Amino acid sequence: MSSHREAPEIAKDPVADSSDLYAFVTPSQPDTVTLIANYVPVQLPSGGPNFFEFGDDVRYEIHIDNDGDGYPDVTYRFEFTTEITNQNSFLYNTGPIESLESKNWNRRQFYRLTRIADGRARVLAHKLPCPPCNVGPLSTPNYQNLVRQATFKLSTGEKVFAGQRADGFFVDLGAVFDLGTLRPFQQLHVAGKKLFRTEGEPVNALDRLNVHSLAVQVPLNQVRRKAARYGYADRASTIGVWTSASRQQVRVLGDRVAADTAAGPFTQVSRLGNPLFNEVIVPMSRKDVWNTLPPSEDKRFAGFVERPELAALLPALYPGVFPNLDALNKSKKPRADLVAILLTGVPAGLIDGFANTTGDVQADMLRLNTAIRPSPRPDRFGVLGGDLAGFPNGRRVADDVVTIALRAVAGLTVPLVDKTFRPDAAAAVTPGLSAADVSAPFLADFPFLGTPYDGFGNPQAKKS
């Protein structure tokens, strides 16, 4: 998965678990960048009477690095509070919720949004409401209208939304974690060799599940560094983005009278930059540590990027299918292509007309060259498909990051740094899923992720 339950400890704390991060120049407003961070993954739609929500005791943040040092220069901080309208009802709502002020809605959540830039904090909004969860046609009869009411344009230029959305990530988890089995029925052989060990259509394991999203659309002039002042005009348009969740260090368990309380300074328990980084690059023994560190410390994990375990597994799982990758692995040459993609950004000269490097500091950040305009015809394979506005130049909601990452690990990007290397035919593998396998269609505009699945229509999150 991109980052759903990717580490042992955060798997026990879903309300603080960052599952996906997106960053892209807004197609309808190319003078802005849209940032989306998903939390609380693997939500069954029928979750009442205690429906899913953000944590009042969690500090959620979206960070932007615009000078390449792996530390945040701009941070958007979301802090939540929950209010119960009727203290004597067990219900989430006692009638239709037709507006965010509905008296029928018993459990409402609000948030304070703070912008921290160059060490100075400014509260942009004190009590913005979230929409309710999408309960069903009687309880939330016009859910899109509630989302419109919960989308705010601030006087400082940002547009913001926080609330439930449909999970837009697509992956065949049942196959991938069954020892790397891939099952697209249409591609059983590559170069005369059997590549896939099972037939049958791939299944999007996350379809008809929901998440909670933080979405903010920011004017570019508020995230870019002024090149003339800092002396590197060639990198002024590229930003690095990651998200994090933090909890206070002390939790005091309450008794029958007092509730639990939290105290002490906040400490980071989750983070996410590039999709799949902690999932498939960082070894199991270090995943929890990785979640507590800032990107500036990611040089500690560079060796796992230079020699990823998955690259070694592919020739072992599919004997004779990846001979060139196998030879590359045995040569022990560091994977400079993956280091560029994941830790430093791609420097100029490797791909015609493209660069998104942030310098020499090795840091897992979702890098976005904001000078590259949105593509009128997006390609789901992003930069590998010739679309310079897609992953790994940021990440759009429909980008097929599983295929892109798998192709890169399998050796398709090695020729960027070694012209003598010839990728195996199987390196162009496609696991067989796309945005079409997400039942809730993506939106053309903010907040981009689809309408969350309702509990009445999806009582058991059945796969279609």
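Residues numbered from 1 in each chain as written. Predicted model: local features only at pLDDT ≥ 70, side-chain atom pairs only at ≥ 80, totals over all residues. Heavy atoms only, no water.

S.K.: So what's going on with the overall build of the protein chain? Residues and values would help.
M.R.: Along the backbone of the protein chain there are 10 helices and 14 strands. Summarising its shape, the C-alpha atoms of the protein chain cover approximately 70 × 55 × 45 Å along the three principal directions. Long-range contacts, defined here as pairs at least 24 residues apart, represent 66% of the contacts in the protein chain between residues at least 6 apart. Summed over its atoms, the accessible surface of the protein chain is roughly 20,000 Å², and 53% of this surface lies on carbon and sulfur atoms. Side chains of the protein chain give 50 positive and 49 negative charges; the mean places of these two sets differ by 1 Å. (Helix = DSSP H or I, 4+ residues; strand = E, 2+ residues; numbered from the N terminus. Contact = heavy atoms within 4.5 Å. Areas by Shrake-Rupley, 256 points an atom, 1.4 Å probe, with all protein chains shown as cover. Lys, Arg positive; Asp, Glu negative; His and termini not counted. Charge placed at Lys NZ, Arg CZ, Asp CG, Glu CD.)

S.K.: Now, about the packing of aromatic side chains: what can you tell me, with residues and values included?
M.R.: Under the definition given, this model contains 10 aromatic pairs. With centroids separated by 5.0 Å and ring planes inclined at 90°, the aromatic side chains of Phe24 and Phe448 adopt a geometry described as edge-to-face. Linking Phe24 in strand β1 (residues 18-25) with Phe448 in the segment after α10 (401-409), this pair joins segments that are 424 residues apart in sequence. In this structure, Phe24 and Phe448 share a single accessibility class: buried. On the numbers, 5.7 Å between centres and 25° between planes, the contact of Phe277 with Trp290 is stacked. With Phe277 in helix α4 (residues 277-281) and Trp290 in helix α5 (residues 287-292), this pair connects stretches of sequence that are 13 residues apart. (Phe/Tyr/Trp six-rings, centres within 6.5 Å; stacked < 30°, edge-to-face > 60°. Buried < 20%, exposed > 50% of the residue type's maximum accessible area, 1.4 Å probe, protein only.)

S.K.: So, the sheet that holds strand β2 (residues 32-43): which residues are in play, and what are the values?
M.R.: Ordered by their spatial adjacency, five strands build an open sheet running β1-β2-β11-β8-β7, and the pairing between neighbours is antiparallel. The strands lining the two open edges of the sheet, one partner per strand, are β1 and β7 (152-153). Where strand β8 (residues 159-166) and strand β11 (residues 210-219) come together, eight bridges link them in antiparallel fashion. Paired with Lys159 across the two strands is Gln217, which belongs to β11. (Pairing = 2+ DSSP bridges.)

S.K.: Which residues make up the side chain of Asn38, and what values do they have?
M.R.: By the secondary structure assignment, Asn38 is in strand β2. The contact partners of Asn38, leaving out residues within four places of it in the chain, are Asp17, Ser18, Ser19, Asp20, Tyr22, Val211, His212, Ser213 and Leu449.

S.K.: Describe α10, and please don't skip the residues or the numbers.
M.R.: Among the nine residues of α10, eight are classified as buried, and the element is accordingly described as predominantly covered. Those residues of α10 that are buried are in contact with α7 (309-317), α8 (323-331) and α9 (336-344). Phi turns positive, to about 115°, at Gly411, one or two residues after α10.

S.K.: Now, about the packing of α7 against α8: what can you tell me, with residues and values included?
M.R.: One way to put it is that α7 packs onto α8 with a least axis distance of 9 Å and a crossing angle of 135°. Classed by the angle they form, the pair α7 and α8 counts as oblique. At the point where α7 passes α8, the crossing takes the left-handed sense. Facing α7, whose interface residues are Ala311, Ala312, Leu314 and Pro315, α8 presents Leu325, Asp326 and Asn329. Looking at the contact of α7 with α8 residue by residue, the class counts come to five nonpolar, one polar and one charged. (Axes fitted to C-alpha atoms, helices over the stretch in contact; angles between N-to-C directions. Parallel < 35°, antiparallel > 145°, perpendicular 65-115°, else oblique. Left-handed = near helix turned anticlockwise from the far one by under 90°. Nonpolar A, V, L, I, M, F, W, Y, C, P; charged D, E, K, R; others polar.)

S.K.: Run through the environment of Asn106, naming residues and quoting values.
M.R.: With respect to the secondary-structure elements, Asn106 resides in the loop between β4 (74-84) and β5 (107-117). Judged by its relative accessible area of 4%, Asn106 is buried. The contacts of Asn106, once residues within four sequence positions are left out, are Glu83, Ile84, Thr85, Asn86, Ser89, Leu91, Tyr92 and Asn93. Of note is the side chain of Asn106, whose polar atom sits 3.1 Å from the backbone oxygen of Leu91. (Polar contact = N/O pair within 3.5 Å; in protein donor to acceptor, adjacent residues only side chain to side chain.)

S.K.: Kindly report on the environment of Thr82, identifying the contributing residues and their values.
M.R.: Secondary-structure assignment places Thr82 in strand β4. Each C-alpha atom, one on Thr82 and one on Asn369, is 37 Å from the other, the two residues being 287 residues apart in sequence. Apart from residues no more than four positions distant in its own chain, Thr82 is found in contact with Glu53, Asp56, Arg107, Arg108 and Gln109.

S.K.: Lay out the pattern of salt bridges in plain terms, naming residues and giving numbers.
M.R.: Taken as a whole and judged by the stated rule, the model has 17 salt bridges. Among the ionic pairs, Arg107 bridges to Glu53, the shortest N-O distance being 2.8 Å. Residue Arg107 is located in strand β5, and its partner Glu53 is located in the loop between β2 and β3 (58-65); the two are separated by 54 residues in the primary sequence. For Glu53, a relative accessible area of 22% puts it in the partly exposed group. In this structure, Lys330 engages Asp326 in a salt bridge whose closest nitrogen and oxygen atoms are separated by 3.2 Å. Within this pair, Lys330 and its partner Asp326 are both found in helix α8, separated by four residues, close to a single helical turn. (Salt bridge = Lys/Arg side-chain N within 4 Å of Asp/Glu carboxyl O.)

S.K.: I'd love a proper account of unusual backbone geometry, names of residues and values included.
M.R.: For the bond running from Phe391 to Pro392, omega is 10°, close enough to zero to count as cis. Counting through the fold element by element, Pro392 comes out in the loop between β14 (366-369) and α10. Residues other than glycine seldom take positive phi values, yet Val40 does so here, at roughly 55°.

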